[in-house]
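# Topology and contacts: notes
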Amino acid sequence: MFAFLLNRLAHAVLVLLVVSILAFTLGTTVGDPVASILGLDATPADRAALRARLRLDEPVVVRYFLYLGDLLSGRLGNSYGAQRPIIDLLAERIPATVELALAALLLSVAIGVPLGVFAAAHPERRLVRFLMTSSVIGVSVPTFILGIILIFTFSLTLGWLPSFGRGEVVKFEFWSTGYLTRSGLKSLIMPAICLAIGQIALVARLARAEMMGVLRTDYIRFARARGLSDRAVHFSHALRNTLIPIITVSGIQLGYLVAFAVVVEQVFQWPGMGTLFLQALAQTDVPLISAFLIAAALFFVSINLVVDLLYAIADPRLRIRTLTHGAGG
């Protein structure tokens, strides 16, 4: 298990190293930091002084290692637009994005798994065919269009839910949550549904495919021969062997939900990392853009590492395959 953990940590470090190179390259090619801070009317002397203070006159290799050292020490620099430490900006926005992604993930599992089980148990029903067709539509519809439809229906027409913002939040030290207030929960409903629709379709189709494979196995036939009810066969026996790949994919999808919630946050003006990233793009705030990429990669890699470990604990064969492959390579 320790060797498996070291293998996965090595992969995670490699991914973060590649992302750091890409983020640094982006910072050196997109826009001029000096122009972003001083504006276009600054004198050449002011430009040269700021460039020296930011150490932009150093060779590229030296600047990269300085940048890497700042990342390892947790110093992400200051935002050009907000003129504040980037670590503070991220700390303010991360709770909103994480809570939105968690809500979307819970919705996708709570709705997608029962739908997939039902579809596998009754493959010939018209309702199942309709649901599977709808799942394709759910994956295909752009998120921003779905968000606009939700806002028009539940905010402008019915007036049930707020159309933007996070609502009232409760703060605990460095974390803020809207889960504990009525307005926070109401504000979460539409963004979470909008972000979860595609994931619900994915989980439902995955659960259906896995369930149909399990239902053909011998031990399920034996369970039916013992006279067990369909409910007991589906949920007590078959579902247990279906959940491992579903949990694995759902855990990986959490990383995607955090990293790619940009569109949903923009549509609903959700004060998360995605909105901060778009503001940084509009202002050519290169340090903030680079920090967002690093934070998203770190979160994604961490989620993947946890999922791999849980999967390896549940299925020891995975550790053996991984170590055998690593030794052979």
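In this text, all values refer to a predicted model and were calculated from it rather than measured experimentally. (Residues numbered from 1 in each chain as written. Predicted model: local features only at pLDDT ≥ 70, side-chain atom pairs only at ≥ 80, totals over all residues. Heavy atoms only, no water.)

### So, the nonpolar core
The tendency in soluble globular proteins is for nonpolar side chains to be buried side by side. Stated precisely, the cut-off is as follows: As used here, the term nonpolar core means buried Ala, Val, Leu, Ile, Met, Phe, Trp, Tyr and Cys residues forming a set that is joined through side-chain atoms within 4.5 Å. A 1.4 Å probe rolled over the protein chains alone gives each residue an accessible area, and that area as a share of the maximum for its type sets the label: buried under 20%, exposed over 50%, partly exposed in between. The secondary structure listing takes helices from DSSP runs of H or I that are at least 4 residues long and strands from runs of E that are at least 2 residues long, numbered from the N terminus. Two residues form a contact once any of their heavy atoms are found within 4.5 Å.
Within the largest apolar cluster, 26 residues are counted, with the highest numbers of intra-cluster contacts made by Leu-100 and Leu-195. Only α5 (86–121), α7 (143–157), α8 (182–215), α10 (230–259) and α13 (286–314) provide two or more residues apiece to this core. Looking at this core element by element, the count peaks at seven residues for α8. Residues contacting Leu-100, with those up to four places away along its chain left out, are Leu-188, Pro-191, Ala-192, Leu-195, Val-264, Glu-265 and Trp-270. Within the second largest apolar cluster, 15 residues are counted, among which are Ala-120, Met-211, Val-214 and Leu-215.

### Some details on helix α12 (residues 273–282)
Residue pairs three or four apart in sequence face the same way in an α-helix, which turns once every 3.6 residues. Listing the buried residues of α12 in full gives Met-273, Gly-274, Thr-275, Leu-276, Phe-277 and Ala-280. Thr-284 occupies a position one or two residues after α12 and carries a positive phi of about 50°.

### Brief notes about a nonpolar patch on the surface
Stated formally: Residues enter patches when their relative accessible area tops 30% and they take part in no salt bridge; the joining distance is 9 Å for like charges and 5 Å for the nonpolar side chains Val, Leu, Ile, Met, Phe, Trp and Tyr. For the accessible areas, the method is Shrake-Rupley and the probe is 1.4 Å, while residue cover comes only from the protein chains on display. Here, a salt bridge means any side-chain nitrogen of Lys or Arg that lies within 4 Å of a carboxyl oxygen of Asp or Glu.
A contiguous nonpolar patch, built from Ile-137, Val-141, Phe-144, Ile-145, Ile-148, Ile-149 and Val-263 and spanning about 590 Å² of accessible area, is present on the exposed surface. Looking at the nonpolar patch, the element that brings in the most residues is α7, giving four residues. Taking the relative accessible area as the measure of exposure, Phe-144 reaches 44% and is therefore partly exposed.

### Looking at the confidence of the model for the protein
Just so we agree on the cut-off: Across the chain, each position has a pLDDT score giving the predictor's confidence in that residue, from 0 to 100.
Here the protein shows a mean pLDDT of 80. Residues at 70 or above account for 90%. The least confident element of the protein is helix α14 (residues 316–328), whose mean pLDDT is 50; the most confident is α7, at 91.

### Here we look at the side chain of Glu-265
For clarity, the threshold we go by: Charge assignment in this entry is limited to Lys and Arg as positive and Asp and Glu as negative, and neither His nor the chain termini are counted.
Residue position: Glu-265 is located in helix α11 (residues 262–267). Buried within the structure, Glu-265 lacks any salt-bridge partner; Arg-93 is the closest side chain of opposite charge, at an N-O distance of 6.2 Å. Beyond its immediate chain neighbours, meaning those up to four positions away, Glu-265 contacts Thr-97, Leu-100, Trp-270, Gly-272, Met-273, Gly-274 and Thr-275.

### Considering helix α4 (residues 60–73)
Test applied: By definition here, a helix of n residues has an expected span of 1.5 Å times n minus one. To be clear, the arc concerns the directions from the helix axis to the C-beta atoms.
Over its 14 residues, α4 extends 20 Å from the first C-alpha to the last, a length consistent with the 20 Å expected when each residue adds 1.5 Å. All of the buried residues along α4 are Arg-63, Tyr-64, Tyr-67 and Leu-68. Down the axis of α4, the sector holding all buried residues measures 140°, keeping them to one side. Of the exposed residues in α4, those oriented more than 90 degrees away from the buried face are Val-61, Phe-65 and Leu-72. Positive phi shows up at Gly-74, right after α4, with a value of about 85°.

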